[in-house]
2 protein chains.
Amino acid sequence: MAERKIRNMEEFAEISGISRPTLSKYFNDPDSVRTSTRTKIEQALEQYDFRPNIYAMNQNRKMTKTIGVVVPYLADPFFAEIARNLERQCLDAGYSPILFSSHGEQKLENDILDSLRSQKPAGVLFGPLGRASDRGAVEKFCREVPTVFFDANIEGVGEAFIGSDNFQSVPLIVDYLCRSGEPPCFFEMQPVNPNANKRRKAFKQAMDRLGHEPVVIRADGDGWGFEEVGYKEGLKLIEKRQFPSSTVLCSNDRLAIGLLAACFEKGLRVGLGSGCAMRVAGHDDHPFSRFTCPPLTTVAQDYRAITSKSVETLFQLIESGRDGAEKSETLFEGKLVMRESA
Amino acid sequence: MAERKIRNMEEFAEISGISRPTLSKYFNDPDSVRTSTRTKIEQALEQYDFRPNIYAMNQNRKMTKTIGVVVPYLADPFFAEIARNLERQCLDAGYSPILFSSHGEQKLENDILDSLRSQKPAGVLFGPLGRASDRGAVEKFCREVPTVFFDANIEGVGEAFIGSDNFQSVPLIVDYLCRSGEPPCFFEMQPVNPNANKRRKAFKQAMDRLGHEPVVIRADGDGWGFEEVGYKEGLKLIEKRQFPSSTVLCSNDRLAIGLLAACFEKGLRVGLGSGCAMRVAGHDDHPFSRFTCPPLTTVAQDYRAITSKSVETLFQLIESGRDGAEKSETLFEGKLVMRESA
DNA sequence: TATGTTTTTTTACGCGCGTAAAATTTAAAT
DNA sequence: ATTTAAATTTTACGCGCGTAAAAAAACATA
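1. A few points about the relation of the copies chain A and chain B
Rotating chain A by 180° and translating it 0.0 Å along the rotation axis places it on chain B, where the RMSD comes to 0.1 Å. Viewed as a symmetry operation, the transformation between the two copies matches a two-fold axis. Residue Y55 of chain A of chain A places its C-alpha closer to the rotation axis than any other residue of that unit, at 2.3 Å. Interface residue correspondence from chain A to chain B reaches 98%, placing this contact among same-surface, isologous pairings.

2. Quick word on the interface of chain A and chain B
Taken together, the contact pairs 42 residues of chain A with 41 residues of chain B. Summing both sides of the interface, chain A and chain B together bury roughly 4100 Å²; the carbon and sulfur share of this comes to 60%. Taken as a group, Y55, F288 and F291 of chain A account for 19% of the area that chain A buries against chain B, more than any other trio of residues on that side. At the junction of chain A and chain B, the tally comes to six salt bridges.

3. Focus on the sheet that holds strand β9 (residues 279-281) of chain A
Residues and elements named next belong to chain A. A sheet is described by the order of its strands in space; here four strands give the open sequence β7-β6-β8-β9, paired in parallel fashion. Two strands close off the open sheet at either side, each with one partner strand: β7 (216-219) and β9. If you compare each strand with its neighbour and ignore which way they point, the axes differ by 25° on average. As paired strands, strand β6 (residues 185-189) and β7 are joined by four bridges and run parallel to one another. Across the sheet, F186 pairs through a bridge with V216, a residue of β7. Each of β8 (247-250) and β9 is contacted by helix α8 (residues 166-180), which is oriented at about 170° to β8, the strand it contacts most. Sheet strands touched by helix α9 (residues 194-209): β6, β7 and β8. Its angle to β6, the strand with the most contacts, is close to 170°.

4. Some details on the state of the cysteines
A full pass over the atoms with the stated rule returns zero disulfides over all chains. As a non-bridged cysteine, C263 of chain A has C293 of chain B as the owner of its nearest cysteine sulfur, 8.2 Å distant. Assessed through its relative accessible area of 0%, C263 of chain A is described here as buried. C263 of chain B provides the cysteine sulfur closest to C276 of chain B, a residue in no disulfide bond, and the two sulfurs are 11 Å apart.

5. Regarding helix α12 (residues 303-320) of chain B
All names here are of chain B. Over its 18 residues, α12 runs 25 Å from end to end, which matches the ideal 26 Å to within 8%, given 1.5 Å per residue. Among the structural elements, β1 (66-71), α5 (77-92), β3 (123-126), β4 (147-150), β5 (160-164) and β11 (328-332) are those in contact with the buried residues of α12. Looking at the residues trailing α12, positive phi occurs at G321, about 75°.

6. Section: the protein's contact with DNA strand D
Looking at DNA strand D, there are 25 residues lining it, with M9 and S24 of chain A together with S19, T37 and N60 of chain B nearest. Protein-adjacent atoms of DNA strand D, using a 4 Å cutoff, are sugar or phosphate at a proportion of 65%. Taking S19 of chain B, its side chain carries an N or O atom lying 2.7 Å from a phosphate oxygen of DNA strand D. Contact distances for DNA strand D include 3.4 Å between a base nitrogen and a side-chain N or O atom of R20 of chain B. When residues of the surface near DNA strand D are traced back to their parent elements, those giving at least two are α2 (20-28) and α4 (54-60) of chain A together with α2 (20-28) and α4 (54-60) of chain B. Here the surface near DNA strand D takes four residues from α4 of chain A, the largest share from any one element. The residue inventory of the surface near DNA strand D, partitioned by class, reads nine nonpolar, eleven polar and five charged.

7. Comments concerning the nonpolar core
One finds L125, F187 and F243 of chain A together with L125, F187 and F243 of chain B to be the most contacted residues of the largest nonpolar core, which totals 114 residues. Beyond its immediate sequence surroundings of up to four residues, F243 of chain B is in contact with C185, F187, I217, G234, L237, I238, V248, L259 and M278 of chain B. Counting residues in each nonpolar core, the second largest holds 32 residues, with L113 of chain A together with F100, F141 and F161 of chain B among its members.

8. Looking at the packing of aromatic side chains
Under the counting rule described, the total for this entry stands at 30 aromatic pairs over all chains. Ring geometry for F78 of chain A versus F79 of chain A: centroids 5.3 Å apart, planes at 75°, classification edge-to-face. The same class applies to F78 of chain A as to F79 of chain A, namely buried. Measuring from ring centre to ring centre gives 6.2 Å for F78 of chain B and Y303 of chain B, while their planes differ by 90°; the resulting arrangement is edge-to-face. Here the residue F78 of chain B occupies a position in helix α5, and Y303 of chain B occupies one in helix α12, the gap between them amounting to 225 residues. Positioned above the aromatic ring of F226 of chain A, the side-chain terminus of R254 of chain A is 4.6 Å from the ring centre.

9. A word on the sheet that holds strand β8 (residues 247-250) of chain B
Residues and elements named next belong to chain B. Strands sit in the order β7-β6-β8-β9 across an open sheet of four strands; the sheet is parallel. Across the chains shown, the open sheet's two edge strands, defined by having one partner strand only, are β7 (216-219) and β9 (279-281). Taken pair by pair, the neighbouring strands of this sheet meet at an average axis angle of 25°, ignoring direction. Pairing between β8 and β9: three bridges, direction parallel. Bridge pairing in β9 places V248 opposite V280.

What counts and what doesn't
Residues numbered from 1 in each chain as written. Chains lettered and ligands numbered in written order. Predicted model: local features only at pLDDT ≥ 70, side-chain atom pairs only at ≥ 80, totals over all residues. Heavy atoms only, no water. Least-squares fit on C-alpha atoms with pLDDT ≥ 70 in both. Contact = heavy atoms within 4.5 Å. Buried area = accessible area lost by both parts, 1.4 Å probe. Salt bridge = Lys/Arg side-chain N within 4 Å of Asp/Glu carboxyl O. Pairing = 2+ DSSP bridges. Helix = DSSP H or I, 4+ residues; strand = E, 2+ residues; numbered from the N terminus. Axes fitted to C-alpha atoms, helices over the stretch in contact; angles between N-to-C directions. Disulfide = S-S within 2.5 Å. Buried < 20%, exposed > 50% of the residue type's maximum accessible area, 1.4 Å probe, protein only. Expected span 1.5 Å × (residues − 1). Near = heavy atom within 4 Å. Polar contact = N/O pair within 3.5 Å; in protein donor to acceptor, adjacent residues only side chain to side chain. Nonpolar A, V, L, I, M, F, W, Y, C, P; charged D, E, K, R; others polar. Core = buried A, V, L, I, M, F, W, Y, C linked by side-chain atoms within 4.5 Å. Phe/Tyr/Trp six-rings, centres within 6.5 Å; stacked < 30°, edge-to-face > 60°. Lys NZ or Arg CZ within 6 Å of the ring centre and 35° of its normal.

The structure is reproduced here in structure tokens:
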């Protein structure tokens, strides 16, 4: 290594004995040059460690090798995990992911889209805020940049959506709860995205099908501090004895975590055994749900599948060009995760 | 808005009536032009929405407006929170933060530094892996890019370090635990960074000072799956009745969360009241610690202060240039957070 | 060896903007 | 009104690389 400092591709062409245009081709796609020249380049690369100036590279390329990854709320480990998987898969495919979090704020989401647009990314993997998203801004963005939505859909926008099949996953756990004890009520908060709405609907359908009255409790509070809402509203409801059932299916795990804290504070034992006053279940299999007290029964989203499919879909889109095909939607099934809370 | 599509600064100069070099100045620093011209520009900007090509901008600028933010493990909400604060403060100061997570892997951390270097950032806010960091790679990086370390220090590298004063925070909670019940033992895992070591030392010192035997339990397991380690090792220790004290001070909250799960599973009631078999305390005031069962007694890191100071320090560094000054180190005090677990 | 095909080299231009220098205008101060 | 300082315009060049076109070289095939 070392020897002379290489300042640009011109100099690297000199010392490697390969012409600059060929080098340019190589750095754009290593497989686009003959193997013999490729090895020559890579040998020189080991000796002199040179990296082309990314700014000069991207300036005239119609398409960069950048992939934008946008999640609605990064402080949620669920999205952190998803982001991590998406990042890695982009990296493996030779792209450069850049990660953004909207932190639950519309303004931030719009700013991200703006700054993203000016980076001319090859494509974007977009987990939108949902209800709080600025549809107009998102539409405009998607017209310019190939976009795959995950987690939450925005109808009619973007090239594809990959998510979970709430109409499969929710009945799954409703069935389980009904056959193992008192039929559940549904505990939700102000819906932040379409998933929340679908889960409520799916709950109602499933309960109807089983011949039970579907009772939904809507907690006050909004934003992305789900645990807080679950806790505070849980406390209130317990105090007023307003839970219509001792079995509570929460719209998501984070809400359930908050509710568990409330139950604990109120001395209500949660679980299935005798001596338990309540059962609490969630949805998503949040990374921390294994460590709640008691461990949370929930239905796991297949986020491996979701991330893989999202990335694959985007790459196909990028390689084949946007051929005006209809938006594709892929939903993965959830798996019941039985733990001690219900 | 709209009318004609502006393709570059040249065209924007035409329609705005401002010369291109002045526009260039404006986009680099809006305050560097006369207010009258500034308003002219901003009026035109509202009409025609034009954004200079970032790649062309950064190509020849010696210094970009980019700030790298690197955290060791983003799936940890503690770091997610820190990252969020850092991001926002960079944004507010007119810089563009780009976020990276090393996901606990040295290779990834090195890759990040590599890709970061090629982006010529104005500076980097760096939360290193710690023990797993590649000192040589980090040193090399810091020679090229102004770097402020936070959370974990790497001695002798970078321009500044901002973190918590473990030798204040740990005695704080040790004192509390000792005066409110049985003196604690210290539960740690393979240290991932200097903080872990310092906390152990601080524990020993504090116990010595109070005239108690300082007993440390080292859990097997490494990596960043702290809850898992705390849970599994906790189970083992409880089964074998090897906890030397019924009061356990954990090296951090995530470990404590795992231990709480183990206690719950083993039917050990945690808390201070009568009828409680154990007391468990943590360190950091992790965002989820409020929602554990029971809520976790811990000592809060002042991450507001840490992030603010980190960003301020970096900006000073950037503006004043690196004048070979000695590395500065700032430590903030922790605050005792008494909840029900101890 | 001759032929056709693929790859590389040579040459040359352009991208969009930074920036330096000199000329000019504007604002502030006397 | 005059002087002085500061900001802006004009002009011009350069950054590092993408990329197109034509010429040359390398390879494949018969």
